[in-house]
Amino acid sequence: MNINRRQLLIGLSAAALPQPILAAESSVILRPTRVGLSVNGRMIEMLGFNNSVPGPEIRLPQNDTLSARLENTLEEGTMIHWHGIRLPNTMDGVNVLTQDAVIPGGSFDYRFAVPDAGTFWYHSHYLSLDQVSRGMFGPLIVEERNPPDVDQDITIQLLDILTDAEGNFDRAFHPAHYTTEGRLGDVMTAFSSSSQTRVGERLRLRLINPSVDRVFKIALQGLSGVVVALDGMPLAEPQLLSELVLAPGQRVDVIGDVEADVHVLEQSASKPLLLTKISPSGSRDERQTAFAPLPPNRLPQPGRITQSVDLVMQGGAGGKPHGGFGSWALNDVSGLPRQPIISAGRGETVLIRLRNDTAFPHGIHLHGHHFWETDESQAPTVLRDTTLVEAGESREILCVLDNPGAWLIHCHMLSHQEDGMATWLLVA
Ligand code: C2O
Ligand code: CU
């Protein structure tokens, strides 16, 4: 197994600058650009959008239409995927299935309505292990028509960056990344859209994990509150705040009242690492109102199950042999099979039995839909668009396939996706 020469993880000392915010009333233009990111006093060359890494935060009200023009200023192809948005298939930004790569100098107009309020994000979906790890991602926030009563609505993006011996961004090819837990960075940070608060303020924190392979285990200190949404979808019953686990691609929304310095800590290592903080100066009257659930989005409810399908994760270091050509496979195939793993009529409820036959966790993401995780009796529990399946674990998910088109389903550990862990389904 690959032992990184620098297991020591470094927290980012400099508070990241607040990201520019684009209100999407008019249309938005996104241009990939090289951007320097200052880490511990050293510039790391990244690739962001519009001279910002992460890319600008896009905000618009629920049910509005986002018009976003991608202008490809790179010397290679690219495209954008709008992670978690239930949009028309032609706008999904997936090579082969929904569009061709936007060539250098070319552009593509994405235009779609945003049916669900919540925390989403956008990212390159082309050469994505490279382009996303270099910074081609940003938040996409869809606001409730009646937002909850909070003092600040803050986006926090968790990121790890792999640097080389000189401290520059590491673009070298490391074969072991493709067979183990992936391209884990040695530098970890969080980009918070605000760094200041007051004691007694009620904050909404929108955590996003755009890292290519790292699962973050986050503790929030100095804040007492509840988890109100997962992957953009409100929980019917907010859950008391405890450790937050975010696989690549996942989001968690928290609402809480500030009690002290708000610390965002990564705690998978032996010693917790401070990623960012929001510091109080002064105070305000504490609120007396309880934390309420967010208004639900309108999603189709599961009906009678018409198909049950196994989806088996295979491969990787120490894994059993499988039928695919890559390090990883789903149902014995690496990469997209000629036939979809599921063909469904519009509106069918399909049960997918996820089974992880490997020695590593995988975060499985379905495009164009959210799905229900289920309990032992197959009853739906929470809605997600990305679910983390630990090594050796199985999980059943219920998908109401109501969005017509060819949809990708893949591991959001992008090293795994790149080396085979991706497939697709078809909704007619
Ligand atoms: Cu967030 Cu297929 O991607
Ligand atoms: Cu994986």
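As shown above, the structure is provided for reference.
Residues numbered from 1 in each chain as written. Chains lettered and ligands numbered in written order. Predicted model: local features only at pLDDT ≥ 70, side-chain atom pairs only at ≥ 80, totals over all residues. Heavy atoms only, no water.

Draft legend 1. Spotlight on the packing of aromatic side chains. Taken as a whole, this structure holds 8 aromatic pairs when the rule is applied. Ring centres of F108 and Y110 lie 4.6 Å apart, and the angle between their planes is 55°; this geometry places the pair in the tilted category. Looking at F108, the relative accessible area reads 22%, which means it is partly exposed. Taking the centre distance of 6.0 Å and the plane angle of 80° together, the rings of W328 and F360 count as edge-to-face. With W328 in strand β22 (residues 328-330) and F360 in the loop between β24 (348-356) and β25 (362-366), this residue pair connects regions lying 32 residues apart in the sequence. Overall, the relative accessible area of 0% leaves W328 in the buried class. For F360, a relative accessible area of 6% puts it in the buried group. Site record: aromatic cluster; members linked through ring pairs are F49, W82, F108, Y110, F112 and Y122. (Phe/Tyr/Trp six-rings, centres within 6.5 Å; stacked < 30°, edge-to-face > 60°. Buried < 20%, exposed > 50% of the residue type's maximum accessible area, 1.4 Å probe, protein only. Helix = DSSP H or I, 4+ residues; strand = E, 2+ residues; numbered from the N terminus.)

Draft legend 2. Structural detail: the pattern of salt bridges. The final tally for this structure, using the stated rule, is 29 salt bridges. Taking the shortest distance from any N to any O, the salt bridge between D153 and R59 comes out at 3.0 Å. Note that D153 is positioned in strand β12 (residues 152-161) and R59 in strand β6 (residues 57-61), a separation of 94 residues in sequence. The shortest N-O distance in the salt bridge between D385 and R251 comes to 2.7 Å. In this pair, D385 is assigned in the loop between β27 (380-384) and β28 (386-389) and R251 in strand β19 (residues 251-266), connecting sequence segments 134 residues apart. Among the residues examined, R251 registers a relative accessible area of 0% and is labelled buried. Salt bridges sharing common partners tie together E57, R59, E143, E144, D153, R204, R206 and D253. (Salt bridge = Lys/Arg side-chain N within 4 Å of Asp/Glu carboxyl O.)

Draft legend 3. Highlighting the side chain of D253. Mapping D253 onto the fold places it in strand β19. Side-chain polar atoms of D253 contact the side chain of R204, separated by 2.9 Å. Setting aside chain neighbours within four positions, we find D253 in contact with T119, R204, L205, R206, V226, V227, V228 and A229. (Polar contact = N/O pair within 3.5 Å; in protein donor to acceptor, adjacent residues only side chain to side chain. Contact = heavy atoms within 4.5 Å.)

Draft legend 4. Just unusual backbone geometry, in detail. A cis amide bond links V53 to the next residue, P54, at an omega of -10°. Summarising the element assignment, P54 is placed in the loop between β5 (42-49) and β6. The phi dihedral of N63 is positive, around 75°, even though this residue is not glycine. Its relative accessible area of 52% is what places N63 among the exposed residues. The phi dihedral of N331 is positive, around 50°, even though this residue is not glycine.

Draft legend 5. Focus on the sheet that holds strand β26 (residues 371-374). Taking strand neighbours across the sheet as the criterion, the 6 strands line up as β22-β21-β24-β29-β26-β27 in an open arrangement whose pairing is mixed. Bordering the open sheet on either side are β22 and β27, each of which pairs with just one other strand. Put simply, the sheet's adjacent strands are angled 25° from each other on average, direction ignored. Note that β26 and strand β29 (residues 394-401) share 3 bridges and pair antiparallel. Its bridge partner lying in β29, W372 is registered against L398. (Pairing = 2+ DSSP bridges. Axes fitted to C-alpha atoms, helices over the stretch in contact; angles between N-to-C directions.)

Draft legend 6. Region of the structure containing the coordination of the copper ion (ligand 2). Only H362 (ND1), C411 (SG) and H416 (ND1) from the protein reach the copper ion (ligand 2) as donors, at distances of 2.0 to 2.1 Å. Read from N- to C-terminus, the donor residues coordinating the copper ion (ligand 2) fall into the pattern H-x48-C-x4-H. In this pair, H362 sits in strand β25 while C411 sits in strand β30 (residues 405-411), placing the two residues 49 residues apart along the sequence. (Donors = N, O, S within 2.8 Å, 3.2 Å for Na, K, Ca; no water.)

No statement about biological role is implied by the geometric values presented.
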